[in-house]
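Chain residues, written in single-letter form:
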Amino acid sequence: MAVAVGIHDIALATGHYAMDLAELAVRHGVAADKYYIGLGQHRQTVPAADEDIVTMAAAAAQQIVAEHGANDIRTVLLATETGVDQSKAAAVYVQELLGLPSCTRAVELKQACYGGTSALQLAAGLVHRDPGHRVLVLASDIAKYDVDSAGEATQGAAAVAMLVSADPAVAVLEPGSGLYTADVQDFWRPNYRTTPVVDGKLSVSVYLEAVEQAWKDYEAHGGRSLGEFAAFCYHQPFTKMAYKAHSRLLEINGVAPDRLRLDADLAHFTVYNRMIGNSYTASLFVGLLSLLDHAEDLSGRSVALLSYGSGCVAEFFGMSVVPGYRERLRTAANQAAIARREPVGYERYRQLREAELPEDGSSFTLESRGAGPFRLHAVREHSRIYQARRLIRV
Ligand code: COA
């Protein structure tokens, strides 16, 4: 009999500061409603200088390791498009910070915002091969665009950690996926840049084409019909994008995308992203967490997920929510991570942004700024040195 494989536990972390988008609207000379309503974004996480994808991923994952222990975790897959090294996997730093056993496989994966889904699917394959094996899947990113660009309003930062196992307690990955890959220059970041090159309008239209093509491939491979899904999750560069994507999905299925239907299908899943902003690889799973934390009981129901990564790769797949999943959720901790961010105005945001780490190879030590369990302490002789603020060895 086929083993059920999926998400056994899921946890969130985000950065230390948050800026209300009304601050950015003043600078950009637009009405705040362009961002609040037009993009569907209210705030964006701004990380402290001593926070990065490693500290956020470790902060999310330590909640899982503290609860389940580390012993069965034999693989750590970390997806990101804002990596800290061209060679060494950020997953190796996380393995050390969490005190995971050395008999662990630790790897970093990349395909823009799709990377988290690729990690989840690869993890499921490993668990199917050896059902005693647990995989820690981490999606962690800091979304940062050029100052004064259109994308600046969609910035954000977060990490989601998922423990993938046999007989999961939260959601079972359903068989079958709809896939789509096309070589498109809608968003990319050459090695010499710290911010992406973006054709925002093109990225919106390519995303919508990817929704259509991935859905058609899902249908062609015997997927569920639209009406069988109780809820929908999309990659959310900004929450309005999920509304556009869901409208496209409804339209190609002959359903009118009226406001009532869209709000009914999407309101729960957009709550956290509206407050955090884009978190690239993590964004789809921040949405899934928001859905699980806010929706009526979804026990036994199927949830559709559409993952999109510029460049581009997309995947449409389903998850079946496990009865009793609500006891596993960390709703209070997730809400607290978002609520406790320190508010910053535009000037402070620019200071934080401009306090970029030296890129000339010189050594430096950082002051402690964030409040998360891990921090980047220093860079010495080109090596990043991380520290735990609170030791959580299990
Ligand atoms: N009140 C309410 N809505 C307003 C408004 C106001 N005062 N002013 C503008 N809007 C609406 C617009 O009508 C538009 O809505 P629509 O998309 O439903 O037509 C929305 O706000 C955005 O306005 P627009 O002028 O299109 O935004 P922009 O050109 O400044 O930037 C992106 C939009 C997406 C191109 C930009 O945020 C970007 O480049 N983002 C990064 C890339 C990205 O996220 N891509 C998504 C796919 S991965």
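Only a predicted model underlies this, so the values are computations on that prediction, with no experimental measurement involved.

About the thresholds
- Numbering of residues starts from 1 in every chain and runs along the sequence as written.
- Only residues with pLDDT of 70 or above have their local features reported here, since the model is predicted, and side-chain atom pairs are shown and tallied only from 80 upward, although totals for entire chains, interfaces and linings are computed over all residues.
- Remark: hydrogens and water are excluded; side-chain values derive from all non-hydrogen atoms of the structure.
- Secondary structure elements follow DSSP: runs of H or I of four or more residues count as helices, runs of E of two or more count as strands, with numbering from the N terminus.
- Here the globule rule is a power law, 2.2 Å times the number of residues to the power 0.38, and the radius of gyration is based on C-alpha atoms.
- Between buried and exposed lies partly exposed: a residue is buried under 20% and exposed over 50% of the maximum accessible area for its type, with that area taken using a 1.4 Å probe on protein chains only.
- Here a residue-residue contact requires only that any non-hydrogen atoms of the pair lie within 4.5 Å.
- A 3.5 Å cut-off defines polar contacts: any pair of N or O atoms within that distance qualifies, except that in protein one atom must be a possible hydrogen donor and the other a possible acceptor, and neighbouring residues in sequence count only when both atoms are side-chain atoms.
- Being paired, for any two strands, means DSSP has found at least two bridges between them.
- A crossover gets the label right-handed when its path from the first strand over the helix to the second runs clockwise, viewed with the strands pointing away from the viewer.
- Residues are counted as near a molecule or strand when any one of their heavy atoms sits within 4 Å of it.
- Residues are called lining when one of their atoms sits within 4 Å of a cavity or pocket point, these points coming from a 1 Å grid over the protein atoms alone, where a cavity is a set in which a 1.4 Å probe fits but cannot get out and a pocket is an open set with protein on both sides within 12 Å along at least five of seven lines.
- Grid points are joined across faces, edges and corners, and a volume is the space filled by probe spheres set on the points.

Q: Explain the overall build of the protein to me, please; I cannot follow it from the model alone.
A: When helices and strands are tallied, the protein shows twelve helices and 17 strands. Taking 2.2 N^0.38 as the reference for a compact globule, 394 residues should give roughly 21 Å; the C-alpha atoms of the protein span a radius of gyration of 20 Å, in line with that estimate. Taking the principal axes of its C-alpha atoms as reference, the protein extends roughly 55 × 55 × 40 Å. In the protein, buried positions account for 56% of the 394 residues. Taking the contacts inside the protein whose residues are at least 6 apart along the sequence as the reference set, 75% of them involve residues at least 24 apart.

Q: Whenever I open this one, the side chain of Q44 confuses me. Can you help?
A: Here Q44 shows up in strand β3 (residues 43-46). Side-chain polar atoms of Q44 contact the backbone oxygen of E152, separated by 3.0 Å.

Q: Sorry if this is basic, but what is going on with the pairing of strand β4 (residues 73-79) here?
A: When you tally the buried positions in β4, you get six out of seven residues, the bulk of the element. When β4 meets strand β6 (residues 134-143), the two strands line up parallel, connected through six bridges. In the strand pairing of β6, V76 is matched with L136. Pairing of β4 with strand β5 (residues 105-109), which is carried by five bridges, proceeds in the parallel orientation. Along β5, the bridge assignment pairs A79 with L109. Following the chain from β4 across helix α4 (residues 90-98) to the adjacent parallel β5, one finds a crossover that is right-handed.

Q: I would appreciate a short explanation of the site of the ligand in the present structure.
A: Taken together, the neighbourhood of the ligand is formed by 19 residues, with K34, K201, S203, K240 and K244 sitting nearest. A distance of 2.7 Å separates an oxygen atom of the ligand from a polar side-chain atom of K34. In the environment of the ligand, an oxygen atom lies 2.6 Å from a nitrogen or oxygen atom belonging to the side chain of K244. The set of elements that each furnish at least two residues to the shell around the ligand consists of α2 (32-39), α6 (200-220) and α7 (239-252).

Q: Looking at this structure, I do not really get the layout of surface pockets. What am I missing?
A: Picture a little ball the size of a water molecule; that probe, rolled over the atoms, points out where space is still empty. Its boundaries defined by the atoms lining it, the second largest pocket holds a volume of some 700 Å³. If you trace the second largest pocket, you find 30 residues lining it, with T154, G200, S203, V204 and F238 closest to the centre. Of the residues forming the lining of the second largest pocket, the biggest block, five residues, is contributed by α6.

Q: Explain the pairing of strand β2 (residues 17-20) to me, please; I cannot follow it from the model alone.
A: Looking along a regular strand, one sees the side chains alternate between the two faces of the sheet. Pairing between β2 and β3: four bridges, direction antiparallel. Residue Y17 lies in a different strand from β3, and its bridge partner there is V46. Bridging between β2 and strand β14 (residues 342-344) involves three bridges; their strand directions are parallel. Counted as the bridge partner of A18 is P343 from β14.

Function-wise, these values are silent; they only describe arrangement.
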